[in-house]
Structures are given as C-alpha cells and as structure tokens.
Amino acid sequence: MSERMEAPYWALRIAFGVVPIVAGLDKFVGLLTDWEAYLSPLVTAWVPASLFMKIVGVIEIAAGAIVLAGMTRFGGYLIAAWLVAITLNLLTTGRYFDIAARDAVLAVAAFTLARLSEVRQPVGGGEAVRPPRNRAA
C-alpha cells in the first residue's frame, strides 16, 4: 500500500478499535447513553433489553479488540456487518433515522478498512498486488 494510504488505514484502525470497545464497555455501566432506548420492539419481544445489551457489549469489545490486534480485514468486515445490523435495528424503531444514517456511513467506513487491509496485506501473505499503471499509448 502506498504511503499516502497508511494514514487513512491507521485512522480507521484506531477508530474502529477504540470506539467499539468504549461503546461495548458502556453497555455494562451506562454512562454515555441509555442504550436500551435504541432497541427495536422486534428485539425486546424476544430477549430482555438488559441481557441483549450485555451480549452486544461483549461483541463490540471483541470486535474492537480484533481490529486493534491487527486482524483488520476480518475485523473491518465484522464491524461493517455489525453496523448494518444496528442500522436495521434503528430503522425498525420508527425513530432515530439520523443515527441509522450515521451508522450506515460508518459501515461503509469499516468496509473501507477491510478493503485497505486487503491491499496492505493480501490473504495468503506475500506482496500486495498492485494494479498496472495506465500509460498513454
């Protein structure tokens, strides 16, 4: 990966490592917000909100740790999928459409981290394959 892409890679890696861990920990202490308020009635009909939030917290902490540990390709895709699920949950509440839009954009950013990781270190190791340069004929 070119040096120009290293800064965006690291910015995304740090953001998608730290923020999920902080949000996940807050599912246990509730200092940032009332997370249960964002749950869809479709979810709370099946699982108690407090239990569901603790499960969510563990998943978020694990996802952030995966990214910080350097497994950014897998972690990026995991967080992107997670953010899509959060977006769908928010849409089914009938409220919080602004937050759903933000989380959809964050899912794209997490996907971008995964793709940058593939360019940075392709699956199977070895040298990253670079596209051929366009040369004027």
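Only a predicted model underlies this, so the values are computations on that prediction, with no experimental measurement involved. (Residues numbered from 1 in each chain as written. Predicted model: local features only at pLDDT ≥ 70, side-chain atom pairs only at ≥ 80, totals over all residues. Heavy atoms only, no water.)

Novice: What is the right way to look at the overall build of the chain in this model?
Specialist: When you go through the chain residue by residue, the secondary structure sums to five helices and zero strands. Helices and strands appear in the chain in the N-to-C order α-α-α-α-α. By the burial criterion, 33% of the 137 residues in the chain qualify as buried. For the chain, long-range pairs separated by at least 24 residues make up 71% of all intrachain contacts whose partners lie at least 6 apart in sequence. For the chain, the exposed area adds up to about 8,600 Å²; of that, 68% sits on carbon and sulfur atoms. (Helix = DSSP H or I, 4+ residues; strand = E, 2+ residues; numbered from the N terminus. Buried < 20%, exposed > 50% of the residue type's maximum accessible area, 1.4 Å probe, protein only. Contact = heavy atoms within 4.5 Å. Areas by Shrake-Rupley, 256 points an atom, 1.4 Å probe, with all protein chains shown as cover.)

Novice: What is the right way to read the side chain of Thr87 from this model?
Specialist: Counting through the fold element by element, Thr87 comes out in helix H4 (residues 72-91). What makes Thr87 buried here is its relative accessible area of 10%. The residues contacting Thr87, other than those within four sequence positions of it, are Ala100, Asp103 and Ala104.

Novice: Help me out: how do you make sense of helix H5 (residues 97-120) in this one?
Specialist: In an α-helix, one turn spans 3.6 residues; hence positions three or four apart end up facing the same way. Across its 24 residues, H5 extends 34 Å between first and last C-alpha, which sits within 8% of the 34 Å expected from 1.5 Å per residue. Buried residues of H5: Ile99, Ala100, Asp103, Ala107, Ala110, Leu113, Ala114, Leu116, Ser117 and Glu118, and no others. In the core, the buried residues of H5 are packed alongside helix H1 (3-29), helix H3 (49-68) and H4. (Expected span 1.5 Å × (residues − 1).)

Novice: Sorry if this is basic, but what is going on with the packing of aromatic side chains here?
Specialist: Both the distance between ring centres and the angle between the ring planes are used here to describe each pair of aromatic rings. Throughout the structure, instances matching the rule amount to four aromatic pairs. By the ring-pair criterion, three or more aromatic residues cluster together here, those being Trp35, Tyr38 and Tyr96. Across from the ring centre of Trp35, 3.4 Å away, lies the NZ or CZ of Lys27, which sits over that ring. (Phe/Tyr/Trp six-rings, centres within 6.5 Å; stacked < 30°, edge-to-face > 60°. Lys NZ or Arg CZ within 6 Å of the ring centre and 35° of its normal.)

Novice: Just to check I follow, could you spell out the packing of H4 against H5 for this structure?
Specialist: Angle between the axes and distance between the axes: these two values describe a pair of packed helices. Where H4 meets H5, the closest approach of the two axes is 8 Å, and the angle between their N-to-C directions is 165°. Classed by the angle they form, the pair H4 and H5 counts as roughly antiparallel. Our pair here, H4 against H5, has a crossing hand that is left-handed. Grouping the constituent residues of the contact of H4 with H5 by class yields 18 nonpolar, four polar and four charged. (Axes fitted to C-alpha atoms, helices over the stretch in contact; angles between N-to-C directions. Parallel < 35°, antiparallel > 145°, perpendicular 65-115°, else oblique. Left-handed = near helix turned anticlockwise from the far one by under 90°. Nonpolar A, V, L, I, M, F, W, Y, C, P; charged D, E, K, R; others polar.)

Novice: How do you make sense of the nonpolar core when you look at a structure like this?
Specialist: Across soluble globular proteins, you tend to see nonpolar side chains buried next to one another. Membership of the largest hydrophobic core is limited to 12 residues, which are Tyr9, Leu12, Phe16, Ala63, Val67, Ile79, Ala80, Leu83, Ala107, Ala110, Leu113 and Leu116. Of all elements in the fold, only H1, H3, H4 and H5 reach the threshold of two or more residues within this core. It is H5 that contributes the most residues to this core, four residues altogether. (Core = buried A, V, L, I, M, F, W, Y, C linked by side-chain atoms within 4.5 Å.)

All quantities given are derived from atomic positions and should not be read as evidence of function.
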